[in-house]
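# Chain and residue survey
Letter by letter, the chains look like this.
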Amino acid sequence: MDLLLQIIFLVALVAGPVLSKRIEHNIEIYFLALGVAGATISNLWSWHLLEEALLHPVAVYQPGIGYIPVGITQVVLFAGLAFYFLRHRLAGWADKLAQPITVAVLIAVMGFSSSVISAIVASAIMAELLAFARAPHAYKAKAAVYAAYAIGAGAALLPIGEPLSTIAVAKLKAHFFYLVDVLIDAVALVVIFFAAYAYLQLKRYKPAEAEIIPYEPELKEVLLRAVKIFIFIFALTILGEFFKPLANAAAALGKELLYIFGAISAVADNATLVAALVSPEMAAEVLRAFLISLVISGGFTVPGNVPNIVFASVLKIGFKEWIKLALPIGVAIFAAMGAYVLFIVPHPPLA
């Protein structure tokens, strides 16, 4: 019965924003309402859950250290404020920032550096730079989706990159560079592909002058964006707890089925899935397939990964718009990388 309830909630998470513009424009409140409802129905409320939900938007957990007070809310807020005060200088770079080759290089750089500077910082910087680019919304939205895929994959290489890799390394009791050994070839393929794909797609795009609206950030908007992101991460933390039994039920799946199951990361918190399924007994090739599944499918929808949330918030990309841009190419890469990590190169090249 619990699993059936969780499946119903998964469908509702996607169907609500797709079917209703009001929900799509207030997606943070919608996810919060579903999270509260799910936790209440399943009797999950506790001080620990409430503490985690309040801390996750403003802090990052590091095993052996505890919570470090540098979360997605502060990073997005500080980046927004910094770019707001630099807006006149950045306006002079608007044409260069809109060039396909510039966007492609930025995607590659942010993708490969995200495991060092973190997915949060990389996506906040990239989103603000795209906002200033002298290009129409549709152009920026395409670039944002491809950048989110690249950053989400790149951040998986080191435990400081994103919660997924932090939790995986901690649960495996592995060394700092273990995930580099396990994932480097697959991650490099994903990052390079999306940088090159962005260049080819954007080069073909011929915007009309009337489509281009100069970006003029407002201080109120910067502050409101941070509040919305806090609510979104708070809601996703509660939903992650609600979906834990579903993740636990997948623990006995084989490598191929586990790869397919990883597609649930499109709407469920991938850190929760890692916490529920990864263990020291998990073989390196199974871990490799599972993590690649999570980082790719996490790009399918806005709540699937931290970079998506940042890009969607800064560039005002709607839930339906994100799916329309991200799902076709994402499913194709999900299938291609599935073949790569399951059959072509199933074992980590460096581990």
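To keep things clear, this report deals only with the structure shown in the data block.

Rules and cut-offs
Note on numbering: residues in each chain are counted from 1, in written sequence order. Local features in a predicted model are, by the rule used here, given only for residues with pLDDT of at least 70; side-chain atom pairs are given and counted only at 80 or more, and totals for whole chains, interfaces and linings are based on all residues. Side-chain measures here rest on the full set of heavy atoms in the structure, leaving out hydrogens and waters. Strands here are runs of E lasting at least two residues and helices are runs of H or I lasting at least four, both read from the DSSP assignment and numbered beginning at the N terminus. Here the globule rule is a power law, 2.2 Å times the number of residues to the power 0.38, and the radius of gyration is based on C-alpha atoms. Using a 1.4 Å probe on the protein chains alone, a residue whose accessible area is under 20% of its type maximum counts as buried, one over 50% counts as exposed, and one in between counts as partly exposed. We call two residues contacting when some pair of their heavy atoms lies within 4.5 Å. In these tables, accessible area is a Shrake-Rupley quantity obtained with a 1.4 Å probe, and a residue counts as shielded only by the protein chains included in the view. His is not counted, nor are the chain ends; Lys and Arg add positive charge and Asp and Glu add negative charge. The atoms used to mark charge sites are NZ of Lys, CZ of Arg, CG of Asp and CD of Glu. In this analysis an axis means a line fitted to C-alpha atoms, helices contributing only their contacting stretch, and an angle means the value between N-to-C directions, from 0 to 180 degrees. Reported orientations rely on four angle classes, namely roughly parallel under 35 degrees, roughly antiparallel over 145, roughly perpendicular from 65 to 115, and oblique for the rest. Crossings are classed by handedness, with left-handed meaning an anticlockwise turn of the near helix from the far one by less than a right angle and right-handed meaning a clockwise turn. All residues other than Ala, Val, Leu, Ile, Met, Phe, Trp, Tyr, Cys, Pro, Asp, Glu, Lys and Arg, Gly among them, are scored as polar; the first ten of these are nonpolar and the last four charged. The rule is short: rings of Phe, Tyr and Trp, with Trp giving its six-membered ring, pair when the centres are within 6.5 Å, and they are stacked under 30 degrees, edge-to-face over 60, tilted in between. Put simply, a charge is over a ring when the Lys NZ or the Arg CZ is close to the ring centre, within 6 Å, and near the line of the ring normal, within 35 degrees. Definition of nonpolar core: a set of buried residues of the types Ala, Val, Leu, Ile, Met, Phe, Trp, Tyr and Cys, connected through side-chain atoms within 4.5 Å. The arc in question is the one spanned by the directions pointing from the helix axis to the C-beta atoms.

### Concerning the overall build of the protein
- Within the protein, the regular secondary structure consists of 19 helices and 2 strands.
- For 351 residues, the compact-globule estimate of 2.2 N^0.38 gives 20 Å, and the protein sits close to it at 19 Å.
- Based on the C-alpha atoms only, the size of the protein along its principal axes is roughly 55 × 45 × 40 Å.
- A burial count over the protein gives 55% of its 351 residues as buried.
- Counting contacts in the protein only where the partners sit at least 6 residues apart, residues at least 24 apart contribute 76% of the total.
- In the structure as shown, the protein presents an accessible area of about 15,000 Å², 70% of it carried by carbon and sulfur atoms.
- Charged side chains of the protein number 22 positive and 21 negative; the gap between the two group centres comes to 9 Å.

### Overview of the packing of helix α17 (residues 284–297) against helix α19 (residues 319–344)
- Two numbers describe how α17 lies on α19: the axes approach to 10 Å, and their chain directions differ by 170 degrees. Judged by the angle between their axes, α17 and α19 are roughly antiparallel. In contact with Arg288, Ala289, Ile292, Ser293, Ile296 and Ser297 of α17, α19 contributes Gly330, Ile333, Phe334, Met337, Tyr340, Val341 and Leu342.

### Quick word on unusual backbone geometry
- For Lys173, which is not a glycine, the phi torsion comes out positive at approximately 55 degrees.
- Within the secondary structure layout, Lys173 lies in the loop between α11 (163–172) and α12 (178–203).
- Under the relative-accessibility criterion, Lys173 is labelled exposed at 72%.
- If you check the backbone angles, Lys316 has positive phi at about 55 degrees while not being a glycine.
- Relative to the helices and strands, Lys316 is located in the loop between α18 (306–315) and α19.

### Here's the deal with the packing of α12 against α17
- Between α12 and α17, whose axes approach to 10 Å, the crossing angle comes to 45 degrees. Regarding the angle of α12 to α17, the classification is oblique. Seen from above, α12 lies across α17 with right-handed handedness. The residues of α17 that touch α12, namely those facing Tyr178, Leu179, Val182, Leu183, Asp185, Ala186, Val187 and Val190, are Ala284, Leu287, Arg288, Leu291, Ile292 and Ile296.
- Counted by class, the contact of α12 with α17 contains 12 nonpolar, no polar and 2 charged residues.

### Concerning the packing of aromatic side chains
- Here the structure, examined in full by the defined rule, presents 17 aromatic pairs.
- With 4.8 Å between their ring centres and 50 degrees between their planes, Phe9 and Phe242 make a pair best called tilted. Here Phe9 is found in helix α1 (residues 2–19), whereas its partner Phe242 is found in helix α13 (residues 219–242), with 233 residues between them in sequence.
- Judged by centre distance (5.3 Å) and plane angle (20 degrees), the ring pair of Phe193 and Tyr197 falls under stacked. On the criterion of helical spacing, the pair formed by Phe193 and Tyr197 is a turn pair, its members being 4 residues apart in helix α12.
- An aromatic cluster is defined as three or more aromatic residues linked by ring pairs; in this entry it consists of Tyr146, Tyr149, Phe193, Phe194 and Tyr197.
- One Lys or Arg, Arg87, reaches over the ring of Tyr84 and ends 4.1 Å from the middle of that ring.

### Looking at the nonpolar core
- Residues Met126, Ile292, Ile296 and Phe311 are the most contacted members of the largest nonpolar core, which totals 120 residues.
- Among the elements that make up this core, the one with the highest residue count is α12 (13 residues).
- Sequence-distant contacts of Phe311, that is, excluding residues within four places in its chain, are made with Ser123, Met126, Ala127, Leu130, Ala144, Ala147, Ala148, Ile151, Lys316, Ile317 and Trp322.

### Here we look at helix α4 (residues 47–55)
- Residues Leu49, Glu52 and Ala53 constitute the buried set of α4. Looking straight down α4, one finds its buried side chains confined to an arc of 100 degrees; they lie on one side.
- Residues of α4 that are buried in the fold lie against β2 (66–68) and α13.

### Some points on the side chain of Asn305
- With respect to the secondary-structure elements, Asn305 resides in the loop between α17 and α18.
- Take Asn305: its relative accessible area is 5%, and that puts it in the buried class.

### What about helix α16 (residues 270–277)?
- Among the 8 residues that make up α16, 6 are buried, leaving the element largely enclosed by the rest of the structure.
- All buried positions along α16 are accounted for by Asn270, Ala271, Thr272, Leu273, Val274 and Leu277.
- Looking at the buried positions of α16, the neighbouring elements they touch are α11, α13, α14 (244–249), α15 (255–261) and α17.

### Some details on the environment of Ala104
- With respect to the helices, strands and loops of the structure, Ala104 is situated in helix α8 (residues 100–117).
- The spacing of Ala104 and Ala147 is 43 residues in sequence and 8.6 Å in space, taken between C-alpha atoms.
- If we ignore the near neighbours within four places in the chain, the residues touching Ala104 are Ala195 and Tyr199.

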